[in-house]
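Coordinates in review
Residues per chain, in single letters:
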Amino acid sequence: MNTAHTNIELYADAIPSWPCDALAIGVYEDGQPQKVVATACKEWSKEIDRALAAGWLRGKEGHFLFLPVAGSGQAPVRLLLIGLGKEKAVTPQTLEDTGARLVKIARSHGIARLGCLLALDRHNGIGLGACAGYLAQGAWLGGYRFEQFKTKGQEGDAVSQDVITLELAVMGKRLERLRDTLQHIKHVCDGQCLARDLGNMPGNVLTPEGMAQEARKMAETLPIQVTVWDEKQLKKQKMNGILAVGQGSVHPPRLIMLEYRQGGDRPLLVVVGKAITFDSGGISLKPGAKMEEMKFDMAGGAAVLGFMHAIAAMKLPVNVVGLVPTAENLPSATAQRPGDIIETASGQWVEVINTDAEGRLILADALHHARSLAPDMIIDLATLTGACVVALGHEASGLMGFDKKLLRRLGRAGKKVGERLWPLPLFPGYQELLKSPVADMKNVGGRDAGAITAGCFLSRFVDKDTPWAHIDIAGTAWDMNGKKPSQPKGATGVGVRLLCRFAQKELQ
Ligand code: BES
Ligand code: MN
Ligand code: ZN
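Residues numbered from 1 in each chain as written. Chains lettered and ligands numbered in written order. Predicted model: local features only at pLDDT ≥ 70, side-chain atom pairs only at ≥ 80, totals over all residues. Heavy atoms only, no water.

1. Quick word on the overall build of the chain
Counting its secondary structure elements, the chain contains 15 helices and 20 strands. Taken over C-alpha atoms, the radius of gyration comes to 25 Å for the chain, in line with the 23 Å a tight globule of 508 residues would show. Principal axes of the C-alpha set define a box for the chain whose edges measure 85 × 50 × 45 Å. The buried share of the chain, reckoned over its 508 residues, is 58%. The long-range share in the chain, meaning contacts at least 24 apart out of those at least 6 apart in sequence, stands at 77%. As presented, the chain carries roughly 21,300 Å² of accessible surface, and 52% of it is formed by carbon and sulfur atoms. Treating the 59 positive side-chain charges of the chain as one cloud and the 53 negative ones as another, the clouds have centres 4 Å apart. (Helix = DSSP H or I, 4+ residues; strand = E, 2+ residues; numbered from the N terminus. Rg over C-alpha atoms; globule rule 2.2 N^0.38 Å. Buried < 20%, exposed > 50% of the residue type's maximum accessible area, 1.4 Å probe, protein only. Contact = heavy atoms within 4.5 Å. Areas by Shrake-Rupley, 256 points an atom, 1.4 Å probe, with all protein chains shown as cover. Lys, Arg positive; Asp, Glu negative; His and termini not counted. Charge placed at Lys NZ, Arg CZ, Asp CG, Glu CD.)

2. Overview of the packing of helix H5 (residues 175–200) against helix H9 (residues 299–314)
Running from N to C, H5 and H9 point in directions that differ by 155°, and their axes come no closer than 8 Å. Between H5 and H9, the angle falls in the class roughly antiparallel. Here H5 and H9 pass one another in a crossing that is right-handed. Contact with H5, carried on its side by His 184, His 187, Val 188, Gly 191, Leu 194, Ala 195 and Leu 198, involves Ala 302, Ala 303, Leu 305, Gly 306, His 309, Ala 310, Ala 313 and Met 314 of H9 and no other residues of that element. Its residues assigned to classes, the contact of H5 with H9 shows ten nonpolar, five polar and no charged. (Axes fitted to C-alpha atoms, helices over the stretch in contact; angles between N-to-C directions. Parallel < 35°, antiparallel > 145°, perpendicular 65-115°, else oblique. Left-handed = near helix turned anticlockwise from the far one by under 90°. Nonpolar A, V, L, I, M, F, W, Y, C, P; charged D, E, K, R; others polar.)

3. Quick look at the coordination of the manganese ion (ligand 2)
Only Asp 279 (OD), Asp 356 (O), Asp 356 (OD) and Glu 358 (OE) from the protein reach the manganese ion (ligand 2) as donors, at distances of 2.0 to 2.2 Å. Between consecutive donors of the manganese ion (ligand 2), the numbers of intervening residues give the motif D-x76-D-x1-E. Between the two metal centres, the manganese ion (ligand 2) and the zinc ion (ligand 3), the spacing is 3.2 Å, with Asp 279 acting as a shared donor. Remark: Glu 358 occurs in the loop between strand E13 (349–351) and helix H10 (359–371) and Asp 279 occurs in strand E10 (residues 275–279); sequence separation between them is 79 residues. A relative accessible area of 3% means that Asp 279 is categorised as buried. (Donors = N, O, S within 2.8 Å, 3.2 Å for Na, K, Ca; no water.)

4. Notes on the coordination of the zinc ion (ligand 3)
Protein coordination at the zinc ion (ligand 3): the donors are Lys 274 (NZ), Asp 279 (OD), Asp 297 (OD) and Glu 358 (OE), at 2.0 to 2.4 Å from the metal. Geometry at the zinc ion (ligand 3) is octahedral, judged from the six donor atoms that bind it and their angles of 78 to 174° at the metal. When the donors of the zinc ion (ligand 3) are listed by position in the chain, the intervening gaps give K-x4-D-x17-D-x60-E. Residue Lys 274 is classed as buried on the basis of its relative accessible area of 1%. (Tetrahedral: all angles 85-135°; square planar, octahedral: opposite > 155°, others 65-115°.)

5. Let's talk about the packing of helix H4 (residues 128–142) against H5
Viewed as axis vectors pointing N to C, H4 and H5 meet at an angle of 25°, and their least axial separation amounts to 10 Å. Between H4 and H5, the angle falls in the class roughly parallel. Crossing of H4 against H5: the hand is right-handed. For the pair formed by H4 and H5, the contact residues are Gly 129, Ala 132, Gly 133, Ala 136, Gln 137, Trp 140 and Leu 141 on the first element and Leu 178, Leu 182, Ile 185, Lys 186, Cys 189, Gln 192, Cys 193 and Arg 196 on the second.

6. Looking at the site of ligand 1
Looking at ligand 1, there are 16 residues lining it, with Lys 286, Asp 297, Asp 356, Glu 358 and Gly 386 nearest. Leu 384 places a main-chain nitrogen or oxygen 3.4 Å from a nitrogen atom of ligand 1. Burial of ligand 1 by the protein amounts to 77% of the accessible area it has alone, namely 520 Å². Among the residues making up the shell around ligand 1, the classes are represented as five nonpolar, four polar and seven charged. (Near = heavy atom within 4 Å. Polar contact = N/O pair within 3.5 Å; in protein donor to acceptor, adjacent residues only side chain to side chain.)

7. Concerning the sheet that holds E13
If you trace the three strands from one edge of the open sheet to the other, you get E12-E13-E17, paired in mixed fashion. With partners counted over all chains shown, the strands left at the sheet margins are strand E12 (341–343) and strand E17 (441–442), one partner each. Note that E12 and E13 share three bridges and pair antiparallel. Each bridged residue has a counterpart across the sheet, and for Ile 342 the counterpart in E13 is Val 350. (Pairing = 2+ DSSP bridges.)

8. Section: the side chain of Asp 279
Engagement of the side chain of Asp 279 in a polar contact is seen with the backbone nitrogen of Gly 281, the distance being 2.9 Å. In contact with Asp 279, other than residues within four places in its own chain, are Lys 286, Met 291, Met 294, Asp 297, Asn 329, Asp 356 and Glu 358.

9. Let's talk about the pattern of salt bridges
Applying the stated criterion across every chain, the model contains 23 salt bridges. When the shortest N-O distance is used, the salt bridge between Arg 254 and Glu 209 registers 2.8 Å. With Arg 254 in strand E8 (residues 254–261) and Glu 209 in helix H6 (residues 208–221), the pair connects residues that are 45 residues apart, well separated along the chain. Taking relative accessible area as the criterion, Glu 209 reaches 25% and is therefore assigned partly exposed. A salt bridge links Glu 506 to Arg 409, with the nearest nitrogen and oxygen atoms 2.9 Å apart. Highlighted residues: Glu 506 in helix H15 (residues 496–507) and Arg 409 in helix H12 (residues 404–417), separated in sequence by 97 residues. Taking relative accessible area as the criterion, Arg 409 reaches 18% and is therefore assigned buried. One network of salt bridges, with partners in common, ties together Glu 209, Arg 216, Glu 231 and Arg 254. (Salt bridge = Lys/Arg side-chain N within 4 Å of Asp/Glu carboxyl O.)

10. Details of the domain arrangement of the chain
With domains assigned, the chain is organised as domain 1 (2–179) and domain 2 (201–507). Relative placement of domain 1 and domain 2: their C-alpha centres are 38 Å apart. The partner domain 2 presents nine residues to the 14 residues of domain 1 that form the contact. The contact between domain 1 and domain 2 buries some 850 Å² in all, and 58% of this surface belongs to carbon and sulfur atoms. Our count for the domain 1 to domain 2 interface comes out at zero salt bridges. Counting every contact that joins domain 1 to domain 2 gives two residue pairs in polar contact (both at pLDDT 80 or more). Among the elements of the structure, helix H3 (92–108) and H4 are those that each provide at least two residues to the side of domain 1 that touches domain 2. Here the residues of the side of domain 1 that touches domain 2 are counted per class, giving six nonpolar, four polar and four charged. (Domains from an automatic or database assignment. Buried area = accessible area lost by both parts, 1.4 Å probe.)

11. Here's the deal with the sheet that holds strand E1 (residues 6–12)
Here we have six strands laid out as an open sheet, ordered E1-E6-E5-E2-E4-E3, and mixed in their pairing. The open sheet has two free edges, formed respectively by E1 and strand E3 (64–69), since each of these has just one partner strand. Across the sheet, the axes of successive neighbouring strands diverge by a mean angle of 30°, strand direction being ignored. Pairing geometry for strand E5 (residues 113–116) and strand E6 (residues 164–170), over four bridges, is parallel.

Here is the structure:
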């Protein structure tokens, strides 16, 4: 887990303790520094004004300038002026991005302790506490690094061990509440970074049993009960979907169950996450290009683990059961074949046309199992289809289901946390595409509407009276762009913030 690269300390009613190595101050695109400069650091405002008047920094978002100024007596002080763009255009995202940029600048300039005055002003009307929260979230998420497999201290190696401490100046009023809020945000970021770590982990290291170990590890320190079914128990439960997908690998499949019940008689949410630790396609082998990225095909399961970790750490009074079916999809002499017909745990028979449509097979058994828990709602997350990436790209996850209310509540949560969801319809006509001449259904519906027919397939394994939502995160769980300040290249941990928000707003 990986927010450990960034510490955040709060300084109430005071400029952060000296010596900090630099002090960050926001500058808008009109060339004005944030307002607090006029009162809180009068001694430097002339020098700041002079630098801005000279056009050394125009306040464009993300641009920055180091300005050495005279300290009161001792060492000189290094100001870090950072552009926020036009004040009227500042959004929560601007602040999150700025928090991430500050950590990166600190890291690349050898600044171990960075003071920060940005949370002393309401930027474009955003409340002070909220400003602090967004800055902190950006710092924690942007400070994330996956460097387990990089040898430390090698020459030319960009890896440094620096832990950055962000000294956040805040108003003294309601400090305790702000501390609590930031602690909650940290737990959510920790959960998201856990999901990122798992997503970035290669298939040789993170196997299905490895996923189970991760879950067990969580149960050691948090009030979560973990049960893991191995092949023997999966057989007993007739979970042939999970078994068939896993039968080609020497790393056997598992079903991981995590229970967190701290909500008394509040509703029960079951979250199901697809966890294929590596998806080669199986006998229906994928093309070679970018196949290595298919180590992130367990991102749905990773989101479930990260989410459960976060709500347990926050001690939310909610009831949640997480189900993570996990397997490795490889071709071998024991692998399932195209044409195989399998009986899923639900008793429905599936003709496996394409072994690369494996996610829905493991989800079918897990969704069926969810029924036996008598949930009030079911949400599944899965890197399910390339078709969803074609439809929505990397900006939004696909959202499917029949319960309008649940879809609306999820959509709202996603919008709030910046993990956008977009609906795709499950019209009855699409179900027709799954018809098989020899079994109850095929596991693929052809090229057309691929994300939707996958959703249709899943819909056959949930109880029609239980609100259910399917979220296809194939396009949002992996980011090789490196363009978002708070998102390093690789796994995104998508779903964790969404589910946490949903749990906080809709389950308590
Ligand atoms: N894990 C893939 C889907 C995927 C593709 C996720 C690209 C992220 C990026 C899934 O198991 C898969 O292979 N789906 C097939 C289904 C098809 C055979 C009907 C696909 O999308 O090609
Ligand atoms: Mn596949
Ligand atoms: Zn897959």
